[in-house]
Amino acid sequence: MNIVFMGTPEFAVPCLTALVEAGYPVTGVFTQPDKPKGRGHKLQPTPVKEYALQQNIPVFQPKTLKNEEALADLRSCAPDLIVVVAYGRILPRTVLDLPKLGCINVHASLLPKYRGAGPIQWSILSGETETGVTTMYMADGIDTGDMLEKASTPIGENETADQLHDRLSVLGAQLLLSTLKKLEEGTLQPEKQDDSLATHAPMLSKEMSDLDFTRDARSLHNQIRGLSSWPAAQTVWKGKRLKVYESRLCSGRGEPGTLLDPKNFVVACGEGAIQLVSVQYEGGKRMSGADFLRGKPGEKGDRLGV
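Definitions and limits used
Residues numbered from 1 in each chain as written. Predicted model: local features only at pLDDT ≥ 70, side-chain atom pairs only at ≥ 80, totals over all residues. Heavy atoms only, no water. Axes fitted to C-alpha atoms, helices over the stretch in contact; angles between N-to-C directions. Helix = DSSP H or I, 4+ residues; strand = E, 2+ residues; numbered from the N terminus. Parallel < 35°, antiparallel > 145°, perpendicular 65-115°, else oblique. Left-handed = near helix turned anticlockwise from the far one by under 90°. Contact = heavy atoms within 4.5 Å. Nonpolar A, V, L, I, M, F, W, Y, C, P; charged D, E, K, R; others polar. Salt bridge = Lys/Arg side-chain N within 4 Å of Asp/Glu carboxyl O. Buried < 20%, exposed > 50% of the residue type's maximum accessible area, 1.4 Å probe, protein only. Disulfide = S-S within 2.5 Å. Arc of directions from axis to C-beta. Polar contact = N/O pair within 3.5 Å; in protein donor to acceptor, adjacent residues only side chain to side chain. Patch = residues over 30% accessible without salt bridge, like charges linked within 9 Å, V, L, I, M, F, W, Y side chains within 5 Å. Areas by Shrake-Rupley, 256 points an atom, 1.4 Å probe, with all protein chains shown as cover. Lys, Arg positive; Asp, Glu negative; His and termini not counted. Charge placed at Lys NZ, Arg CZ, Asp CG, Glu CD. Phe/Tyr/Trp six-rings, centres within 6.5 Å; stacked < 30°, edge-to-face > 60°. Lys NZ or Arg CZ within 6 Å of the ring centre and 35° of its normal. Core = buried A, V, L, I, M, F, W, Y, C linked by side-chain atoms within 4.5 Å.

Caption draft 1: Just the packing of helix α1 (residues 13–21) against helix α6 (residues 161–185), in detail. Interhelical geometry of α1 versus α6 gives an angle of 40° and a closest axis separation of 8 Å. Of the possible angle classes, the one that applies to α1 and α6 is oblique. Once α1 is placed against α6, the crossing between them reads as right-handed. Facing Pro14, Cys15, Ala18 and Leu19 of α1, the residues of α6 in contact are Ser169, Gly172, Ala173, Leu176, Leu177 and Leu180. Across the contact of α1 with α6, the residue classes break down as eight nonpolar, two polar and no charged.

Have a look at this one:
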């Protein structure tokens, strides 16, 4: 069973690794074009490309799949199956119809909830206590195909999107191998999605970053956890931007946005209080909230956000 793998970010690497280590013939890898990164704007290969080259797998980086050149490259790989994990492009019908066994996608949510580009972040932003991974046949539309298998996992109260990302990438690789085994055995039982239960997880934006301390502490905690990888929640401390990467729920009351505990960086919210556990000041390095306040001290009653 020849497999073509389509994926781009770090999340997709465990799935590709699992295919290689299980002995599946991966005849080609399609990934996004290299992008400039850092101060020197040097072109940076995608994580999937880096791994594929290490394994001597042919790599293709078309800007679009909607032309004959890309289709010719794909046909040259003679895929019986295409596996897609966070590739970052919608597959046109000409690609979906090419492999005789179809196209299988690994998606980081329990479908039909959180279809779209940011399922991990939105599950946390929405206050979910459970999420998981779904394998599905790909179809027209975004994450709308028939579901094949699911694996669920609880979300920790303080777990960030970064941490959940890493766990789900491993869980996704395990589920992919399970799905392929059942595919080979002929025991898969596709299940149509109930569109009435669908929710969406669009791309994140920087406009989601600002912390409004008049909201309740749990909502802010979810915002901080959900935006931990990018763009990061942020506020203002003594006239400069302060990014917040981790937090904890605390007891305490006070005027929203005021400092309640100058040693442990506990801040009053509209309901409850929140401890800022990991922060980064404008122009500085990421550090613990307590260490930050030792260098940029404040007094009880000082206000954030101004």
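Caption draft 2: Expanded view of the pattern of salt bridges. The final tally for this structure, using the stated rule, is 15 salt bridges. Between arginine 115 and aspartate 195 there is a salt bridge, and its shortest N-O distance comes to 2.7 Å. One end of the pair, arginine 115, is in the loop between β7 (103–107) and α5 (119–125); the other, aspartate 195, is in the loop between α6 and α7 (217–226), and 80 residues separate them in sequence. A salt bridge links arginine 167 to glutamate 159; the shortest N-O distance between them is 2.7 Å. The exposure class of arginine 167 is partly exposed, given its relative accessible area of 35%. What makes glutamate 159 buried here is its relative accessible area of 10%.

Caption draft 3: Quick look at the state of the cysteines. All chains considered together, the criterion is met by zero disulfides. Free cysteine: cysteine 15, not disulfide-bonded; nearest cysteine sulfur from cysteine 103 at 15 Å. With a relative accessible area of 0%, cysteine 15 lands in the buried category.

Caption draft 4: Representation of helix α3 (residues 68–76). All buried positions along α3 are accounted for by Ala70, Leu71 and Leu74. For α3, the angular spread of the buried residues around the axis is 100°, confining them to a single face. Every exposed residue of α3 that faces more than 90 degrees away from the buried side is listed here: Glu69 and Ser76. Considering only its buried residues, α3 is in contact with β1 (3–7), β2 (26–30), β6 (81–85) and α4 (93–96). Where α3 begins, the side chain of asparagine 67 points an oxygen toward the backbone nitrogen of glutamate 69, at a separation of 3.3 Å. At the exit of α3 stands alanine 78, carrying a positive phi of roughly 45°.

Caption draft 5: Broad picture of a negative patch on the surface. Negative charge collects at one region of the surface, where Glu10, Glu50, Asp162 and Asp166 lie side by side. Along the chain, the position of glutamate 50 falls in helix α2 (residues 47–54). Taking relative accessible area as the criterion, glutamate 50 reaches 38% and is therefore assigned partly exposed.

Caption draft 6: Local environment of the packing of aromatic side chains. Scanning the model with the defined rule gives four aromatic pairs in all. Between phenylalanine 30 and phenylalanine 60 the ring centres are 4.9 Å apart and the planes differ by 25°, which places this aromatic pair in the stacked class. With phenylalanine 30 in strand β2 and phenylalanine 60 in strand β5 (residues 59–60), the pair connects residues that are 30 residues apart, well separated along the chain. Under the relative-accessibility criterion, phenylalanine 30 is labelled buried at 0%. The class for phenylalanine 60 is buried, based on a relative accessible area of 17%. Consider the rings of phenylalanine 265 and phenylalanine 292, whose centres lie 5.9 Å apart with planes at 5°: the pair is stacked. Pair noted here: phenylalanine 265 is in the loop between β12 (259–261) and β13 (266–268) and phenylalanine 292 is in helix α8 (residues 289–295), with a separation of 27 residues, a long-range link. Assigned by exposure class, phenylalanine 265 and phenylalanine 292 land together as buried. In this structure an aromatic cluster arises from ring pairing among Trp237, Phe265, Tyr281 and Phe292. Here the guanidinium or amino end of lysine 238 rests over the ring plane of tryptophan 237, the centre of that ring lying 4.9 Å away.

Caption draft 7: Molecular detail of the nonpolar core. If you look at the biggest cluster of nonpolar residues, it comprises 38 residues, and the most contacted ones within it are Phe5, Leu16, Leu19, Val29, Val85, Leu168 and Leu180. Take this core: its biggest share by element is nine residues, from α6. Apart from the residues lying within four places of it in its own chain, the contact partners of valine 29 are Phe5, Leu16, Val48, Ala52, Ile57, Pro58, Val59 and Phe60. In terms of nonpolar packing, the next biggest core, distinct from the first, is built from 20 residues, Ile224, Ile274, Val279 and Phe292 among them.

Caption draft 8: Inspection of unusual backbone geometry at higher detail. Omega for the bond connecting leucine 111 with proline 112 falls within 30 degrees of zero, at 10°, which places this linkage in the cis form. For proline 112, the position within the fold is in the loop between β7 and α5. Here the amide bond leading from tryptophan 230 into proline 231 is cis, since omega sits at 0°, within 30 degrees of zero. On the secondary structure map, proline 231 appears in the loop between α7 and β10 (233–237). Here tyrosine 114, not a glycine, exhibits a phi torsion of approximately 60°, which is positive. Of note, tyrosine 114 is situated in the loop between β7 and α5. A relative accessible area of 8% places tyrosine 114 in the buried class. Not every positive phi belongs to a glycine, and phenylalanine 265 is a case in point at roughly 60°.

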